[in-house]
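Each chain, written out:
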Amino acid sequence: MTTIFDGDRRHFLTLAGATAAAGFIPTRFAIAGNAPVKIGILLPYSGTYAMLGESITNAFKMRIDEAGGKLGGRSVEYVAIDSEMSVPKAGQNVNKLISKQKADFILGPVHSGIAAVMAKIIGKKGSPIMIDPNAGSNAVTGALCAPNIFRTSFSNWQTAVMAGPAMYDAGHRTIITISWKYGAGIQMMQAGRESFEKAGGKSVKDILNPFPSVEFQAHLSTIADMKPDAVFAFFSGGGAIKFLKDYEAAGLKAKIPLYGTGFLTEGVEKPAGSAAEGVQTTLHYVRDLPNETNKRFIANYEKQFGAGKSNVFAVQGYDAASLLLQGMAAVDGDVGAQGKIISAMGSAVIDSPRGKFTFSKSHNPVQNIYLREVRNGKQVTLKTLAKGLEDPAVGCKA
Ligand code: PHB
């Protein structure tokens, strides 16, 4: 059963299956017995990141279904809240999942600002276990790290730090960086800029656009006037499509090569069309990676959700479920044995479509970073830029 809980209107919308029996209050005994394991989900299902939230949710459930629909021998129930990408509502939303819904595990979010709010609350409480299937906030596995917080995606630093040398090696000596003005954009911009300058280049301007605004015209004029050798961008989802199209329409694409973290072109290849062609990005996943798990994942996902629909966000959701499966198998479904679940998860090897990976001490993936390019509407690997890259986990003391 999946229930979508609308945070605003304070009621539940049942998506599929039967609603919970009226008046049923799960007791500790019921939870520890044969009652389903409850996964509380806080992801975006509306707005510029809707595609990301849907991809993560689809792939998470697909992975559980592949494992027979059970976690540690128990059936699974999902309760999802649309985060609406709202940082002010994040605290209230996560508290609803924990206190009202009594979720055994929390899956989310996509947005770095929401991730910081969630990590503060959940880390301080010490339970339940949170799995972040996208948001890259460096702090989540840095200053806000905690034993009960895991991430199956990336840190913002990881996705951008190899872009500097890649742009420099391509012959560029000056760049402008552009992104949305919030945690993810700021941290990716910083890692891209610093690594470019360390390689010997110069970053001549940082442009920040309010999130999630897609008003880019004034910024495109600035880029046209300043004529850097290249542009380094972070946008994602609906906003990425608009930025790519505006960049091409402004006549900049042919003149000033566009780079970015992989989100700029991920999952938007079709709608962006010619505007995404030839755009090079850095990321921890490429659709053409030749391992068997990737081939099987893409085939299963696209059979269920449509040709060309798999993407890195789905991979991260799939891996979040693989991680939880391992944790719950270690305790035969006893969610009360949190310490044992955490140690099984911390030492897990995830057989991911991105290739096998493990977790750092701060529970962030240790993973490869690739240089990719969109060719004929598909992501193609150009080069492995880093093998087993580990986030420095600045400020993590747990
Ligand atoms: C984030 O806010 O951390 C974030 C959002 C979308 C992405 C990547 C990172 O594609």
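Reading the values: rules and limits
Residues numbered from 1 in each chain as written. Predicted model: local features only at pLDDT ≥ 70, side-chain atom pairs only at ≥ 80, totals over all residues. Heavy atoms only, no water. Helix = DSSP H or I, 4+ residues; strand = E, 2+ residues; numbered from the N terminus. Buried < 20%, exposed > 50% of the residue type's maximum accessible area, 1.4 Å probe, protein only. Near = heavy atom within 4 Å. Polar contact = N/O pair within 3.5 Å; in protein donor to acceptor, adjacent residues only side chain to side chain. Areas by Shrake-Rupley, 256 points an atom, 1.4 Å probe, with all protein chains shown as cover. 1 Å grid on protein atoms, 1.4 Å probe; cavity = no way out; pocket = protein on both sides within 12 Å on 5 of 7 lines; lining within 4 Å. Sits in = over half its atoms within 2 Å of the grid points. Nonpolar A, V, L, I, M, F, W, Y, C, P; charged D, E, K, R; others polar. Domains from an automatic or database assignment. Disulfide = S-S within 2.5 Å. Points joined across faces, edges and corners; volume = space filled by probe spheres on them. Contact = heavy atoms within 4.5 Å. Buried area = accessible area lost by both parts, 1.4 Å probe. Salt bridge = Lys/Arg side-chain N within 4 Å of Asp/Glu carboxyl O. Phe/Tyr/Trp six-rings, centres within 6.5 Å; stacked < 30°, edge-to-face > 60°. Lys NZ or Arg CZ within 6 Å of the ring centre and 35° of its normal.

A. Highlighting unusual backbone geometry. The linkage connecting G108 with the following residue, P109, adopts the cis geometry, with an omega of 0°. Mapping P109 onto the fold places it in the loop between β6 (105–107) and α4 (112–125). Cis geometry marks the peptide bond from F211 to P212, where omega comes out at 0°. Summarising the element assignment, P212 is placed in the loop between β10 (202–209) and α8 (217–226). In this structure, E84 takes a positive phi of about 55° despite not being glycine. In this structure E84 comes out as partly exposed when scored by relative accessible area, which is 28%. A positive phi is found at A393, a non-glycine position, where the angle reads about 50°. Secondary-structure assignment places A393 in the segment after β17 (378–389). With relative accessibility at 15%, the residue A393 sits in the buried group.

B. Focus on the site of the ligand. Taken together, the neighbourhood of the ligand is formed by 17 residues, with V110, S112, G136, Y182 and S236 sitting nearest. Measuring from an oxygen atom of the ligand, one finds a backbone N or O atom of V110 at 3.4 Å. A distance of 2.5 Å separates an oxygen atom of the ligand from a polar atom in the side chain of Y182. Notes on the ligand: free accessible area 280 Å², of which the protein chains cover 100%. In a pocket analysis with a 2 Å cut-off to the grid points, the ligand is assigned to the largest cavity. Among the residues making up the shell around the ligand, the classes are represented as eleven nonpolar, six polar and no charged. Each of domain 1 (2–154 + 290–366) and domain 2 (158–283) gives at least three residues to the shell around the ligand.

C. Structural context of the state of the cysteines. In the structure shown here, the tally under the stated rule is one disulfide. Sulfur-sulfur distance for the disulfide between C145 and C396 comes to 2.1 Å. Taking the torsion about the sulfur-sulfur bond, which here is approximately 85°, the covalent link between C145 and C396 counts as right-handed. With C145 in the loop between β7 (129–132) and β8 (149–151) and C396 in the segment after β17, the pair connects residues that are 251 residues apart, well separated along the chain. C145 sits in the buried class, given a relative accessible area of 10%.

D. Local environment of empty space enclosed by the protein. Inspection of the entire model under this criterion finds one cavity of 30 Å³ or more. By volume, the largest cavity amounts to about 90 Å³. As for the largest cavity, its lining consists of 17 residues, and the residues nearest its centre are Y49, V110, N134, Y182 and F234. Among the residues forming the lining of the largest cavity, the class breakdown is eleven nonpolar, six polar and no charged. Lining the lining of the largest cavity are residues from two domains, each supplying at least three of them: domain 1 (2–154 + 290–366) and domain 2 (158–283).

E. Spatial organisation of the domain arrangement of the protein. Each assigned domain of the protein is listed with its residue range as follows: domain 1 (2–154 + 290–366) and domain 2 (158–283). The interface is formed by 17 residues belonging to domain 1 together with 20 residues belonging to domain 2. When the buried area of domain 1 at its contact with domain 2 is split by residue, T48, Y49 and F154 rank highest and sum to 37% of it. Where domain 1 meets domain 2, there are zero salt bridges.

F. Representation of the packing of aromatic side chains. According to the stated counting rule, one finds 20 aromatic pairs in the structure shown. Centre to centre, the rings of F60 and Y78 are 6.1 Å apart; their planes meet at 85°, and the pair counts as edge-to-face. Taken together, the positions of F60 in helix α2 (residues 50–66) and Y78 in strand β5 (residues 74–82) put the pair 18 residues apart, joining distant regions of the chain. Here the aromatic cluster, defined as three or more aromatic residues joined through ring pairs, consists of Y49, F154, W180, Y182, F211, F216, F234, F235, F243, Y247, F263 and F313. Positioned above the aromatic ring of Y78, the side-chain terminus of K61 is 4.9 Å from the ring centre.

G. Just the environment of F232, in detail. Relative to the elements of secondary structure, F232 occurs in strand β11 (residues 230–234). Taking the C-alpha atoms as reference, F232 lies 9.5 Å from A160; in sequence the two are 72 residues apart. Excluding residues within four positions of it along the chain, F232 makes contact with A160, A163, M167, I176, T177, I178, M188, M189, G192, Y259, G260 and T261.

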